[in-house]
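Observations on chain architecture
So you can see what is in the structure, the chains are spelled out below.
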Amino acid sequence: MPQKYRPAHRAAQVTESGGPLRVVAVEPREPGPGEVRLRVKASGICGADAGMATHPSPAYGFPITPGHEAAGVVAAVGEGVAGWAIGERAAVGWFGGSCGHCPACRSGDVVHCAERRVPGLSYAGGWSTTVTVPAAALIRVPDGLSFEEAAPFGCAGVTTFNALRHGGAEPGDRVAVLGIGGLGHLALQFAAAMGFETVAIGRGEDKRQAALRLGAHHYVDGAAEDAGRTLRVLGGARLILSTASSGKPLAALLDGLTPHGRLTVVGFDGTPLQLPLDKLVMHARHVTGHVTGSPLDTEQAMRFALATGVRPQVRTAPLDEAAEALKIQQSGQARFRMVLTTGD
């Protein structure tokens, strides 16, 4: 029986505003000066990718190729690139390049560059067998991680790792994680491995055992009890990391913070947040946002994961089934991160 023809390179694309996501044949974009092309092996699906796939006017025009959690091997190196060789294991995450000359870049804070670039948003992303990115955005992938495990570190992994280690809590402090999904399941593992007394806040008893398996010492069912009050009874949390897409529970969680405690938001749906200022001012509490990390931060998150056993729990699907995989991710059935594999 003859095998079905499969083009050398393919990508999941939306070709027009409001159009469907389809896998089509593509030509690799060879790297220009300062760029590297990856042969993609695996690419994660993040909640933000759904927005990218439906963007009415993408910065680089149509077609849209989403994906900002791609891992693979270096396939080609552009002029002027040093330190990378063909065949090396590499990845790219939410941070997809920066201008290099603004105050943020010059101070080393590249992820807050005003012209920061994001794969899938600023240029064609990683839901493909090939992606070309600035060399400065590349992440070295250690041998101990599979490509399917490495891909989510580019966004979900480094975001939660950085938010926890820079959140003001110290080993032995109580830290709560709101949401047990693509971000939250990694946050729980990182928090426990960092030595925090870890509290998982979810919705429904069906998540209790999963949260405890991921390292949580306590589980709070936010659908059945006042999570802020429960945290206060436990003694209060030095840090609450919100990974949930909805901001509705956040105001009530302030009561669960210790004096000088911090609420850090990494997941959001764009809904305006209303907080009682007296609960902030009278207890010197902080509310902050956090996004991603640099390639070096991501490499450190990967090394920490290898040393402590932290791993993303992924559900894989072939790139050719990207549209169905995106629906599974959006429905919350992934448990916990959908990853597209190219089979290359």
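Please refer to the structure higher up on the page.
What this report covers is the structure whose coordinates are included nearby.

Conventions used here
- Along each chain, numbering runs from 1 in the same order as the chain's sequence is written.
- This being a predicted model, a pLDDT of at least 70 is required before a residue's local features are given, and a value of 80 or more before pairs of side-chain atoms are given or counted; all residues contribute to the totals for chains, interfaces and linings.
- Only hydrogens and water are removed before side-chain values are computed, so all heavy atoms of the structure are retained for them.
- When DSSP finds two or more bridges between two strands, those strands count as paired.
- Strands are runs of DSSP state E lasting at least two residues, helices are runs of H or I lasting at least four, and both sets are numbered from the N terminus onward.
- With strands facing away from the observer, any crossover in which the path from the first strand over the helix to the second runs clockwise is taken as right-handed.
- The term salt bridge refers to a side-chain nitrogen of Lys or Arg lying within 4 Å of a carboxyl oxygen of Asp or Glu.
- The buried label goes to any residue with under 20% of its type's maximum accessible area, the exposed label to any with over 50%, and the partly exposed label to all in between, with areas taken from a 1.4 Å probe on protein chains only.
- What the arc describes is the spread of directions from the helix axis to the C-beta atoms.
- By definition in these notes, contact holds between two residues if any of their heavy atoms fall within 4.5 Å.

Comments concerning the pairing of strand E10 (residues 218-221)
Strand direction decides the pairing type here: strand E9 (residues 197-202) and E10, joined by four bridges, are parallel. Paired with Gly202 across the bridge in E10 is Asp221. With helix H6 (residues 208-213) bridging E9 and the parallel E10, this β-α-β connection has right-handed handedness.

Here's the deal with the pattern of salt bridges
Evaluation of the coordinates by the stated rule reveals 12 salt bridges. The partner of Arg10 in a salt bridge is Asp320, and the shortest N-O contact between them spans 3.2 Å. On the criterion of sequence distance, the pair formed by Arg10 in strand E1 (residues 10-13) and Asp320 in the loop between strand E14 (314-318) and helix H11 (322-331) is long-range, its members being 310 residues apart. In this structure Arg10 comes out as buried when scored by relative accessible area, which is 3%. For Arg89, the salt bridge goes to Asp143, with nearest N and O atoms at 3.5 Å. Taken together, the residues span a long stretch of sequence, with Arg89 in strand E5 (residues 89-92) and Asp143 in the loop between strand E7 (139-140) and helix H3 (147-150) at a distance of 54 residues.

Structural notes on H11
When we look at burial in H11, the residues that qualify are Ala322, Ala325, Leu326, Ile328 and Gln329. What you see down the axis of H11 is that its buried residues fit within an arc of 160°, all on one side. Turned more than 90 degrees off the buried face of H11, the exposed positions are Lys327 and Gln330. Tucked into the core, H11 has its buried residues touching E1, strand E3 (35-45), helix H1 (47-53), E14 and strand E15 (337-341). Phi turns positive, to about 80°, at Gly332, one or two residues after H11.

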